[in-house]
Amino acid sequence: MIKKKSGIKKNSGIKPLFPELTEIIERDEETVDRLRRRTLKFGLGIIFFFALIIYRLYNLQIEQGRKFAQKAFSNRIRLQKLAAPRGRILDRNGKEIVTNRPSFNVVLMREDAIDPETLVKNLAPVLHEEVSAIWDRFREAANTPQHMPVVLKKDIDWQTLAYIESHKNTDFPGIEIQVQPVRVYAYGNLMSHLIGYLGIINKNELEQLPANERRFASGDLVGKRGLEKLRENDLHGKKGEVQTVVDSHGFVQERDKKEEPFPGKDIYLTLDVPMQRMVEDMMARDDLAGSAVAMEVNTGRLIVSASAPELPLDQFTGGISKVNWQALQDNPRHPQMNKVVQGVYPPGSTYKMITALAGLASGVITKDTTVSCPGYYKFGNRTYRCWKHSGHGTVDLRRAVAESCDTYFYLVGQKVGVDRLAEFAHKMGLGALSGIEMENEKTGTIPSKAWKLQTKKEKWHDGETLSVAIGQGFNTVTPLQICLMTATLATNGVRMKPMIIDKIVDIHSGRVQNFPPEVVERIPLNSDYMEIIRQGMMDVVQGPRGTARKVAIKGLNIAGKTGTAQVASLNRIKGLREEDIPYKYRDHAWFTCYAPAEKPEIAVTVMIEHGLHGGSAAGPIARAILQAYFKDRLPPEEGRILETAAMPSELEAAEQQL
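## Some words on the packing of aromatic side chains
Phase 1 of the analysis: Across all of its chains, the model carries nine aromatic pairs by this definition.
Phase 2 of the analysis: Judged by centre distance (5.5 Å) and plane angle (65°), the rings of Tyr408 and Phe409 are edge-to-face.
Phase 3 of the analysis: One aromatic cluster is present, formed by Tyr377, Tyr384 and Tyr410 through successive ring pairs.
Phase 4 of the analysis: Geometry around Phe424 places Lys427 over its ring, the cationic atom sitting 5.0 Å from the centre.
Phase 5 of the analysis: When the ring centre of Tyr268 is taken as reference, the NZ or CZ atom of Lys503 above it lies at 4.7 Å.

Set out below in structure tokens:
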């Protein structure tokens, strides 16, 4: 501390420099240290403050510089994915069944919407929508990421498109037009069960995708059923990308660069559009439920695969409503079912070829073995009726097949036994998956002693074998299995894998994936056995007492077999005329055949639910298929196709008018 004290002597004559300081005392170290500490703390605070600023600048510009540069870039550049057209689906002759067309959708980029309320009010009359409806779409997208576009309206017309495009840079900030390819079904619901439909990929489907699968995103359309689902990886193309430059208000200034999308691969089916269309039209015209299958016996390629009633594909576009879904569920004719592989029915008398083959191979009968049919067969304390109550008289195997004598096959089944019947049924493709590329194929049931013990916990009764021998009892099969059995009979035991895809073509690389015929099994069958069964099947169509005489075609030898599959106990319908039997209690009607009988090329199987008689209900459809297939080799009055088969598709008709 400084006091007023001077070191100059009084009366020295020297005047002090600072007269107010009269005395200098010794320094106070404690006070000085306190001042030093304050100064140091203040200095350190300044240094720390500037260090924070420097570190923050380093962090923003060096460590996170790229990140914020990208954000700044994103404020100017918009990256938009371009949907890829799905691959086409064509028939064996290259006719387009399913293709694509561009759909123009109005979408909003929420990041660029400065005043959403004003935007919605201005846009609603242009889109011919209520303001509340557009706000509903906003609310639906509330839980999606902000950068995801909100679809305000799909598939707008050309007039609306032109207006928005000409005004969006001035009146509609944040509004974009996205081009989305949509499916075009050239023939309406043709092959609907086989082709299937699309739907928006859901959260569970996205989560189940592999980690390295980047082709799909929320909102994408993917196959939900049929080939659209089974061949998703082939049909789904590669998305493109476009960069647009926008200003601070979200208005597009220019398009920077664009990567074009790659469409998916084209799938060529083995099916024939005119024949398929003819069959589906015939079934729809008569309001029939059931299925029809036609197969090349030497390749396994399907020519026709029809299931009725048809599946209304248009109802599934954009998602089916609860009302329509429930209506399909409640429909007693089951339009959602692909009855070719999912419908299981008693095979009825079509199974008698299996019984005949098992009897011949087991040695319990020969081609000359005869049985007396009085119209019934007694076994134990029961009487089993033949369909012809007056009886067939004395019949041999050939006549038993031709006239479908139940009594003959009761006897053969009793002697052969259920296990031997099951053995030959499995060899011919019954009771097992065929391997065809269709969803949810059913195996059906071919009963045996072991099967009943395992499933019913009961022993087999010999009387049950008689029902099995004529295709009733526990027997159930699919129409495809009966067609496969018929084709295997036609080729003397060569069982082919049924196929519906001929080839898959990558239009970019030009690569073609072919699907050659595949032999599943070669069954050693005695040619003499096959010859007598073939003769009986020919008599079914060409014979004077055959059950399918109406199917006969001049100039073509057909080997076939009718079948009537009982679906209700006789007590329910006893005494009723056929036309008075309730629909659900009527017998199913089968007809299966191959032709030409002497050198088979094609097998055809038709099953009409509750159709009563195979010859009258299923036979005409099979006959039309054979007429169409052999049209160039038949007399003029026989070699014709129904007019509906030659009609152009909706797409072709539109093109012809242009």
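## With respect to the side chain of Gln472
Phase 1 of the analysis: The residue Gln472 is located in the loop between α17 (462-469) and α18 (479-490) in this model.
Phase 2 of the analysis: Those residues in contact with Gln472, other than ones at most four positions away along the chain, are Pro346, Gly348, Ser467, Thr564, Ala565 and Gln566.

## Quick word on the nonpolar core
Phase 1 of the analysis: Within the largest apolar cluster, 94 residues are counted, with the highest numbers of intra-cluster contacts made by Met191, Leu269, Leu302, Leu397, Tyr408, Leu430 and Ile500.
Phase 2 of the analysis: Formed jointly, this core draws a minimum of three residues from each of two domains, domain 1 (78-209 + 217-269) and domain 2 (273-311 + 343-648).
Phase 3 of the analysis: In this structure, Leu269 is in contact with Ile89, Leu90, Asp91, Arg92, Ile97, Met191, Leu194, Leu227, Ile500, Ile501 and Asp502, ignoring residues within four places of it in sequence.
Phase 4 of the analysis: Listed in part, the 36 residues of the second largest apolar core include Val304, Phe591, Ala618 and Ala624.

## Description of a nonpolar patch on the surface
Phase 1 of the analysis: Where nonpolar side chains cluster on the molecular surface, the patch consists of Phe42, Ile46, Phe49, Phe50, Ile53, Ile54 and Leu57 and spans about 710 Å² of accessible area.
Phase 2 of the analysis: The class of Ile53 is partly exposed, set by a relative accessible area of 34%.

## Considering a positive patch on the surface
Phase 1 of the analysis: On the surface, Arg34, Arg37, Arg38 and Lys41 cluster together into a positively charged patch.
Phase 2 of the analysis: Following the sequence through the fold, Arg37 ends up in helix α1 (residues 29-63).

## Some words on the state of the cysteines
Phase 1 of the analysis: Going through the model one piece at a time under the given rule, you end up with zero disulfides.
Phase 2 of the analysis: Of all cysteine sulfurs, the one in Cys373 lies closest to Cys386, which takes part in no disulfide; the gap is 4.0 Å.
Phase 3 of the analysis: Exposure remark for Cys386: the relative accessible area of 1% places this residue in the buried category.
Phase 4 of the analysis: Considering cysteine sulfurs only, Cys593 is the nearest to Cys483, which forms no disulfide, with 8.7 Å between them.

## Things to note about the pattern of salt bridges
Phase 1 of the analysis: This structure, assessed with the given rule, holds 25 salt bridges.
Phase 2 of the analysis: With its nearest N and O atoms 2.5 Å apart, the salt bridge here joins Asp406 to Lys352. Remark: Lys352 occurs in helix α12 (residues 352-362) and Asp406 occurs in helix α14 (residues 406-416); sequence separation between them is 54 residues. Just as Asp406 is buried, Lys352 falls in that class too.
Phase 3 of the analysis: What you see here is one network of salt bridges that share partners, running through Arg86, Arg183, Glu228 and Glu232.

## Section: unusual backbone geometry
Phase 1 of the analysis: The peptide bond linking Ala308 to Pro309 adopts the cis configuration, its omega dihedral lying at 0°.
Phase 2 of the analysis: As for its position among the elements, Pro309 is in the loop between β14 (302-308) and α11 (322-330).
Phase 3 of the analysis: Cis geometry is adopted by the peptide bond preceding Pro596, which originates at Ala595 and carries an omega value of -15°.
Phase 4 of the analysis: When you line up the elements, Pro596 lands in the loop between β24 (588-595) and β25 (602-608).
Phase 5 of the analysis: Here Ser404, not a glycine, exhibits a phi torsion of approximately 55°, which is positive.
Phase 6 of the analysis: Within the secondary structure, Ser404 sits in the loop between α13 (397-403) and α14.

## Some details on the pairing of β14
Both faces of the sheet carry side chains from a regular strand, because those side chains alternate between them.
Phase 1 of the analysis: Counting buried positions along β14 gives seven out of seven residues, so the element sits mostly inside the fold.
Phase 2 of the analysis: Across six bridges, the pairing between strand β13 (residues 290-296) and β14 is antiparallel. The partner of Met295 across the bridge, within β14, is Leu302.

## Focus: the sheet that holds β13
Phase 1 of the analysis: Sheet architecture is open: five strands sit in the order β14-β13-β25-β24-β23, paired in antiparallel fashion. Both edges of this open sheet fall to β14 and β23 (559-565), since each of them pairs with a single strand only. When strand polarity is set aside, the average angle formed by the axes of neighbouring strands in this sheet is 5°.
Phase 2 of the analysis: Helix-sheet contacts for α18 involve β13, β14, β24 and β25, and the interaxial angle to β25 is about 150°.

## Considering the environment of Ala289
Phase 1 of the analysis: Summarising the element assignment, Ala289 is placed in the loop between α10 (273-285) and β13.
Phase 2 of the analysis: We classify Ala289 as buried; its relative accessible area is 1%.
Phase 3 of the analysis: Considered as a pair, Ala289 and Met607 are 318 residues apart in the sequence and their alpha carbons are 8.6 Å apart.

## What to know about the packing of α12 against helix α15 (residues 418-427)
Phase 1 of the analysis: In the contact formed by α12 and α15, the axes pass within 9 Å of each other and the chain directions differ by 110°. In terms of orientation, α12 and α15 fall into the roughly perpendicular class. By crossing handedness, the relation of α12 to α15 is classed as right-handed. Contacts between α12 and α15 involve Ile354, Thr355, Leu357, Ala358, Ala361 and Ser362 on the former and, on the latter, Arg420, Leu421, Phe424 and Ala425.
Phase 2 of the analysis: Counted by class, the contact of α12 with α15 contains seven nonpolar, two polar and one charged residues.

What counts as what
- Residues numbered from 1 in each chain as written.
- Predicted model: local features only at pLDDT ≥ 70, side-chain atom pairs only at ≥ 80, totals over all residues.
- Heavy atoms only, no water.
- Phe/Tyr/Trp six-rings, centres within 6.5 Å; stacked < 30°, edge-to-face > 60°.
- Lys NZ or Arg CZ within 6 Å of the ring centre and 35° of its normal.
- Helix = DSSP H or I, 4+ residues; strand = E, 2+ residues; numbered from the N terminus.
- Contact = heavy atoms within 4.5 Å.
- Core = buried A, V, L, I, M, F, W, Y, C linked by side-chain atoms within 4.5 Å.
- Buried < 20%, exposed > 50% of the residue type's maximum accessible area, 1.4 Å probe, protein only.
- Domains from an automatic or database assignment.
- Patch = residues over 30% accessible without salt bridge, like charges linked within 9 Å, V, L, I, M, F, W, Y side chains within 5 Å.
- Areas by Shrake-Rupley, 256 points an atom, 1.4 Å probe, with all protein chains shown as cover.
- Salt bridge = Lys/Arg side-chain N within 4 Å of Asp/Glu carboxyl O.
- Lys, Arg positive; Asp, Glu negative; His and termini not counted.
- Charge placed at Lys NZ, Arg CZ, Asp CG, Glu CD.
- Disulfide = S-S within 2.5 Å.
- Pairing = 2+ DSSP bridges.
- Axes fitted to C-alpha atoms, helices over the stretch in contact; angles between N-to-C directions.
- Parallel < 35°, antiparallel > 145°, perpendicular 65-115°, else oblique.
- Left-handed = near helix turned anticlockwise from the far one by under 90°.
- Nonpolar A, V, L, I, M, F, W, Y, C, P; charged D, E, K, R; others polar.

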